[in-house]
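# Reading the structure
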Amino acid sequence: MGVEAHATNERVTGRRWTVRLDPVGRGRADVRVSCSRPACAAQVLPSAAAGRTAAVAHLKAHLRAGPAPRPSAHCACRAEECHTHIRPAGPRERPVPWRCGGAVVLAVITDREGRWWQVMECCSRCAAAHPAAKVVATAPAAEAPARSDGFRADAAAPAALAPTFSAAGPHFSHSAAPTAVPQQASAPRSAPRSARPPRKRPPRGRIAQRLVPHDLRPVALRDELTELGELFRAYQARTEPDLAMLADLHARKAEAFNAWAEVTADTGLRLDAQRAEQAAATARLQHLHRIGQAPDGEGPAVARLLTAPAQWNHARAVLAHVAQNAPLPGAEARLLVVMVTLRTAQAGVGNLVGQDIKGLPLRDPEHLVGQLVESGWLGISGTVEELIASRPENPTRISVPSLTPEEDDPGPFTFGRKLRPKLSGWAQRVVGEKKLRKGKTEADVRLLALALATGADGEGRLGPGGEGLGLDALASWCVVDPGDLPQLVDRLTAADWLAESDVTDTLLTGRLTERILPLGCPLT
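These numbers were taken from a predicted model, which means no experiment stands behind them. The residue count restarts for each chain, going from 1 along the sequence in the order it is written. Only residues with pLDDT of at least 70 get local features here, since the model is predicted, and only at 80 or more are side-chain atom pairs given and counted; chain-wide, interface and lining totals rely on the full set of residues. To get the side-chain values, take all heavy atoms of the structure and skip hydrogens and water.

### Considerations on helix α2 (residues 48-65)
Helix and strand assignments come from DSSP, with helices taken as H or I runs of at least 4 residues and strands as E runs of at least 2, each series counted from the N terminus. By this rule the span expected of a helix is its residue count minus one, scaled by 1.5 Å. With 18 residues, α2 should reach 26 Å at 1.5 Å per residue; the first-to-last C-alpha distance of 26 Å fits that figure. The cut-offs for exposure are 20% and 50% of the maximum accessible area for each residue type, with area from a 1.4 Å probe on protein chains only; residues under the lower value are buried, those over the upper are exposed, and the others partly exposed. Looking at α2, one finds that the buried residues are Gly-51, Ala-54, Ala-55, Val-56, Leu-59, Lys-60, His-62 and Leu-63. Where α2 is buried, its residues contact β1 (16-23), β2 (31-35), β3 (43-45), β4 (104-110), β5 (116-123) and β6 (134-138). A contact between two residues is defined here by any heavy atoms of the two lying within 4.5 Å.

Here is the structure:
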């Protein structure tokens, strides 16, 4: 009998599992959603927003289908001695672990950036100690042990209510409007007639994982901190960044935290204020670089056609892909493949008109397009003659099968629909630059212009640190012999593209002229 009782009263450690959102690879937009439960397979989504939506839906499905919290389970963090919930201590105090206690609950914890969500079967004290925890279910009261007289201590009490779940599931930091989760109803207690209703304290704000005290004075400071916390959470829910707005928020946070530190004499708040000032300066500088302006006192900036480092890297990625996967030899074929690739890079399909091809320095454009179609690299909706004769009001639909994304293969490029036309327009501006057209430069010269536009630093100096570009790599890209490169360099110098150019046995040094800098994609 004693053995059976021991087996019945034995408690198990609470459950715990995590849903994560991780990048698939450097420079790629798609993300991987994974779950620590053994039966759940990882899935790849095209963007962080789609991955976050899928992760939250996956977690809600687990919460709806899974069992309720068990009243006899140990707190899930007991194995770690509550190290995740250690109370902060002062400079002369030792940190004290939060003690376990209260009813067993299912709590959902997420990080501020929305990269992981963890479900824990833990005690209510530990759930309350974590500022980001959301309780989604509460276990019924544990059955009381039998008394010595044969009756149970709770024999006269009503049966425990079943745990209740939120109808909409848990809400996380990126949700637009959090909804209160219904808790288990408690039995009403009779109160004396003279008892007064408890006074409700004003809601406490939260900013940067800190709770704003409801009795903080002055009241204007308390309201400012509460409002800033709400504004930061609203900014995290935006689909597109606004660096100017973010810089203003960090500046306001720095000022508010400095005032908070003066009131409370808290050194940590003063350090947080300094970090907010640095974040504001960084965000403001990034905003100026994005819009093509220079910080005060640094002189005029270059108004570039492509404004962000990510766009410059994508342009280089397209040229590298064409260099490795060009279906036909020759400089003219490579130049045409570059322009068609940029028209179809995002989905493998696009529109083309005759002027797009006639504007390129091609000796026999019909024959060259026909070769691309015969090789299977290019598909067109009509004939080659119809493509050459098509006009903007009636473009020809084209497709490149090797660039068409599939379920298990998103394709060679990771940029989105909005960036594709920007890259295509940039390449057309470089290839069709006014002096290159007037000089009737050939395809190999214009390929060299593309290479130099993506191979200079922010000041226009060729190569990393102005050390120059290798002749072998340039000759391979332009589809010419290395000995023919000096002639191409002379053509670009005459077209006012290059200055101070020098060709050695292995390197091309020099710099882009001032008028070409807006077309450049600086090396970072």
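### Things to note about unusual backbone geometry
The step from Arg-217 to Pro-218 runs through a cis peptide bond, and the omega angle for that step is 5°. Here Pro-218 shows up in the loop between β8 (210-211) and α4 (219-236). With a phi angle near 60°, Val-479 is a residue other than glycine that sits in the positive phi range. Of note, Val-479 is situated in the loop between α15 (471-478) and α16 (485-494). At Glu-500, a position not held by glycine, the phi torsion is positive, near 55°. Considering the arrangement of structural elements, one finds Glu-500 in strand β13 (residues 498-503).

### A word on empty space enclosed by the protein
Space left empty within the atom packing is revealed by a probe, the size of a water molecule, rolled over the atoms. Using a grid of 1 Å spacing that covers the protein atoms alone, one calls a set of points a cavity when a 1.4 Å probe fits there but cannot get out, and a pocket when the set is open and has protein on both sides within 12 Å along at least five of seven lines; lining residues are those with an atom within 4 Å of a point. Grid points are joined across faces, edges and corners, and a volume is the space filled by probe spheres set on the points. Enumeration over the complete set of coordinates arrives at four cavities of 30 Å³ or more. Quantified by volume, the second largest cavity comes out at close to 40 Å³. As for the second largest cavity, its lining consists of His-321, Val-322, Asn-325, Val-337, Thr-341, Trp-377, Ser-402 and Leu-403. Listed by contribution, the elements that provide at least two residues to the lining of the second largest cavity are α7 (309-325) and α8 (331-344). Top element by residues in the lining of the second largest cavity is α7. It accounts for three residues. Under the scheme applied here, ten amino acids are nonpolar (Ala, Val, Leu, Ile, Met, Phe, Trp, Tyr, Cys and Pro), four are charged (Asp, Glu, Lys and Arg), and all others, including Gly, are polar. Residue classes in the lining of the second largest cavity are distributed as four nonpolar, four polar and no charged.

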